[in-house]
Structure formats: structure tokens, C-alpha cells
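Given next are the chains, with one letter for each unit.
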Amino acid sequence: MKPYTVTFVGDFFTIITSVELDPHEEDIVGRSPEELLEVATELASNTLKFHYGWDVEAVSTEVKAVEG
């Protein structure tokens, strides 16, 4: 499992969350590092939306994902 940290920044908030991707998962095998950052961002956004009902990515002015 590879950990990723995703930061969502908006006008009056900053939310930092972590997700893990399995590099051996069939859907993401062979993806580039940049594509994995996009997958991590999407997973983080979907997780926050599921738990809190808030589409945080839609109201963010900046979204940044980093490995580790």
C-alpha cells in the first residue's frame, strides 16, 4: 500500500486527509505517478463526500496530492 496526503484549500478552510492506494490493484496497475496522484485525489474527495456529504473538491480553490 502506498500512502498519499491530499490537501483541499478553500476560502475559509483547509482539509488534509490521507488515503492509501494498492499499486497492485487491477484498476491502477501501470498508471504513471501523476495519474496515481489524480486517483488519490478522487478517492479522498469521494471519501469525504461519502462521510460528510460535502463535495469538498467542488468548493476548493486549490487541491494538492503528494505521495507519502
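My aim in this report is to walk through the structure given alongside it, one point at a time. (Residues numbered from 1 in each chain as written. Predicted model: local features only at pLDDT ≥ 70, side-chain atom pairs only at ≥ 80, totals over all residues. Heavy atoms only, no water.)

Our focus in this paragraph is the overall build of the protein. When its secondary structure is counted, the protein shows two helices and three strands. Starting at the N terminus and ending at the C terminus, the protein contains elements arranged as β-β-α-α-β. Considering only C-alpha atoms, the protein reaches an extent of 35 × 20 × 15 Å along its principal axes. Here the protein, with 68 residues, has 29% of them falling under the buried criterion. Contacts in the protein between residues at least 24 apart in sequence constitute 54% of all its contacts with a sequence separation of at least 6. Accessible area for the protein stands at about 4,800 Å²; split by element, carbon and sulfur atoms hold 51% of it. Averaging the locations of the 4 positively and 14 negatively charged side chains of the protein gives two centres separated by 2 Å. (Helix = DSSP H or I, 4+ residues; strand = E, 2+ residues; numbered from the N terminus. Buried < 20%, exposed > 50% of the residue type's maximum accessible area, 1.4 Å probe, protein only. Contact = heavy atoms within 4.5 Å. Areas by Shrake-Rupley, 256 points an atom, 1.4 Å probe, with all protein chains shown as cover. Lys, Arg positive; Asp, Glu negative; His and termini not counted. Charge placed at Lys NZ, Arg CZ, Asp CG, Glu CD.)

Two elements, strand β1 (residues 2-9) and strand β2 (residues 14-21), share eight bridges in a ladder whose sense is antiparallel. Considered in β2, the bridge of Y4 is made with V19. Between β1 and β2, which pair antiparallel one after the other, the connecting turn spans four residues. In this structure, β1 lies alongside strand β3 (residues 62-67), joined through six bridges in antiparallel fashion. (Pairing = 2+ DSSP bridges.)

Under the criterion given, the structure shown has one salt bridge. With a shortest N-O distance of 3.7 Å, E67 and K2 are connected by a salt bridge. In this pair, E67 is assigned in strand β3 and K2 in strand β1, connecting sequence segments 65 residues apart. Overall, the relative accessible area of 30% leaves K2 in the partly exposed class. (Salt bridge = Lys/Arg side-chain N within 4 Å of Asp/Glu carboxyl O.)

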